[in-house]
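For reference, the chains in residue letters:
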Amino acid sequence: MADQPQKQEIKIQLSPEIAAGNYANFTVISHSPNEFFLDFIQVVPNMPEARVQTRVVMAPENAKNLLFALRDSLTKYENVFGEIQHKEPKKA
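Nothing here was measured: the structure is a model prediction, and the numbers come from that model.

**Comments concerning the overall build of the protein**
Item 1. Scanning the protein from terminus to terminus reveals 2 helices and 3 strands.
Item 2. Traced from its N-terminal end to its C-terminal end, the protein shows the element sequence α-β-β-β-α.
Item 3. Taken over C-alpha atoms, the radius of gyration comes to 18 Å for the protein, far larger than the 12 Å a tight globule of 92 residues would show.
Item 4. Viewed in the frame of its principal axes, the protein has a C-alpha envelope of about 65 × 35 × 30 Å.
Item 5. Per-residue burial for the protein yields a buried fraction of 5% across its 92 residues.
Item 6. For the protein, long-range pairs separated by at least 24 residues make up 17% of all intrachain contacts whose partners lie at least 6 apart in sequence.
Item 7. A total accessible area of about 9,200 Å² is found for the protein, and carbon and sulfur atoms account for 55% of it.
Item 8. In the protein, the 10 positive side-chain charges and the 11 negative ones have mean positions that sit 5 Å from each other.

Written out as structure tokens, the structure reads:
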């Protein structure tokens, strides 16, 4: 009988500052050979500049895991609340 890897439980801590979150309504995704960069930005109408609120850097494998997790979560959301209508961003 082959040894089965044991599932390791991870205790996740969430500080009050992080729990408050950052609002973002725009995301820029870029990559290098070894990482994906996700820049979450808050764009305000009639403002010429927008500041990155949060940057997340992850390995390509983790980015793909995020893609699948997000797809699964969106499917569950739409099953409860209905289909999210995709709107193309307006050109400036």
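Text resumes after the structure shown.
**So, the pattern of salt bridges**
Item 1. All chains considered together, the criterion is met by 2 salt bridges.
Item 2. With a closest N to O distance of 2.6 Å, Arg 55 and Asp 39 form a salt bridge. Highlighted residues: Arg 55 in strand E3 (residues 51-58) and Asp 39 in strand E2 (residues 36-42), separated in sequence by 16 residues.
Item 3. The exposed category is assigned to Arg 55, whose relative accessible area is 51%.

**Topic: the side chain of Asp 39**
Item 1. Take Asp 39: its relative accessible area is 9%, and that puts it in the buried class.
Item 2. In this structure the side chain of Asp 39 is engaged in a polar contact, spanning 2.6 Å, whose partner is the side chain of Arg 55.
Item 3. When neighbours within four sequence positions are excluded, Asp 39 is seen to be in contact with Phe 26, Thr 27, Val 28, Val 52, Thr 54 and Arg 55.

Calculation rules
In every chain, residue numbers begin from 1 and rise along the written sequence. Per-residue local features of the predicted model are confined to residues with pLDDT of at least 70, and side-chain atom pairs are confined, for both listing and counting, to 80 or more; whole-chain, interface and lining totals are unaffected and use all residues. Only hydrogens and water are removed before side-chain values are computed, so all heavy atoms of the structure are retained for them. Numbering of helices and strands runs from the N terminus, with a helix taken as a DSSP run of H or I at least four residues long and a strand as a DSSP run of E at least two residues long. Here the globule rule reads 2.2 Å times residues to the power 0.38, and the radius of gyration is calculated from C-alpha atoms. Burial status follows relative accessibility: with a 1.4 Å probe on protein chains alone, a residue under 20% of its type maximum counts as buried, one over 50% as exposed, and anything between as partly exposed. Contacts: residue pairs with any heavy atoms within 4.5 Å of one another. The protein chains shown are the only cover counted for residues, whose accessible areas, like all others here, come from Shrake-Rupley with a 1.4 Å probe. Only four residue types enter the charge count: Lys and Arg as positive, Asp and Glu as negative, with His and the chain ends excluded. A charge is said to be at NZ when it belongs to Lys, at CZ for Arg, at CG for Asp and at CD for Glu. We define a salt bridge as a contact between a side-chain nitrogen of Lys or Arg and a carboxyl oxygen of Asp or Glu at a distance within 4 Å. N or O atoms closer than or at 3.5 Å make up a polar contact, with two conditions inside protein: a donor-capable atom paired with an acceptor-capable one, and, for residues adjacent in sequence, both atoms drawn from side chains.

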